[in-house]
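Breakdown of the fold
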Amino acid sequence: MPGRSNRRVKIEHDRALYKQRNRIERMYGHLKVNRAIATRYDQLANSFLGMVHIATTRYWLKFVHAA
């Protein structure tokens, strides 16, 4: 992560890697809007993954429909 703009000693960081990480963190934030994923009601990995697929599809449809 990049340091603050007022930091005296600048810390080197990889902008491309930071951009990818930020994109993934924002996607997890959108997924947590769905309570089933945020609280992990599903006990089996397959049903949890299915819920993740449903949530990402709903998010994607909103994005595509708005364009």
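On a predicted model such as this, the values are computed, not experimentally measured, just so you know.

Of the regular secondary structure elements, the protein chain holds three helices and zero strands. Helices (α) and strands (β) of the protein chain occur, in sequence order from the N terminus, as α-α-α. Within the protein chain, the proportion of its 67 residues that are buried is 9%. Roughly 6500 Å² of accessible area belongs to the protein chain as shown, and the carbon and sulfur atoms make up 58% of that amount.

Here we take up the pattern of salt bridges. Counted by the stated rule, this structure contains one salt bridge. A salt bridge links glutamate 25 to arginine 21; the shortest N-O distance between them is 3.0 Å. With glutamate 25 and arginine 21 both in helix α1 (residues 15–31), this residue pair falls four residues apart, about one helical turn.

On the surface, a nonpolar cluster with roughly 450 Å² of combined accessible area is contributed by Trp60, Leu61, Phe63 and Val64. If you trace the backbone, leucine 61 turns up in helix α3 (residues 45–66).

Another aspect to go through is the packing of α1 against α3. Geometrically, a packed helix pair is captured by the angle between its two axes and the distance between the axes. At a closest axis distance of 10 Å, the pairing of α1 and α3 adopts a crossing angle of 100°. As judged from the angle between their axes, α1 and α3 are roughly perpendicular. Counted together, Met27, His30 and Leu31 of α1 and Val52, Ala55, Thr56 and Tyr59 of α3 form the full contact between these two elements. For the contact of α1 with α3, the residue count by class is five nonpolar, two polar and no charged.

Summarising the element assignment, valine 33 is placed in the loop between α1 and α2 (35–39). Distance from valine 33 to alanine 55, taken between C-alpha atoms, is 9.0 Å for residues 22 residues apart in sequence.

So, how was this worked out
Residues numbered from 1 in each chain as written. Predicted model: local features only at pLDDT ≥ 70, side-chain atom pairs only at ≥ 80, totals over all residues. Heavy atoms only, no water. Helix = DSSP H or I, 4+ residues; strand = E, 2+ residues; numbered from the N terminus. Buried < 20%, exposed > 50% of the residue type's maximum accessible area, 1.4 Å probe, protein only. Areas by Shrake-Rupley, 256 points an atom, 1.4 Å probe, with all protein chains shown as cover. Salt bridge = Lys/Arg side-chain N within 4 Å of Asp/Glu carboxyl O. Patch = residues over 30% accessible without salt bridge, like charges linked within 9 Å, V, L, I, M, F, W, Y side chains within 5 Å. Axes fitted to C-alpha atoms, helices over the stretch in contact; angles between N-to-C directions. Parallel < 35°, antiparallel > 145°, perpendicular 65-115°, else oblique. Contact = heavy atoms within 4.5 Å. Nonpolar A, V, L, I, M, F, W, Y, C, P; charged D, E, K, R; others polar.

Everything listed here is a matter of geometry and, on its own, says nothing about what the molecule does.
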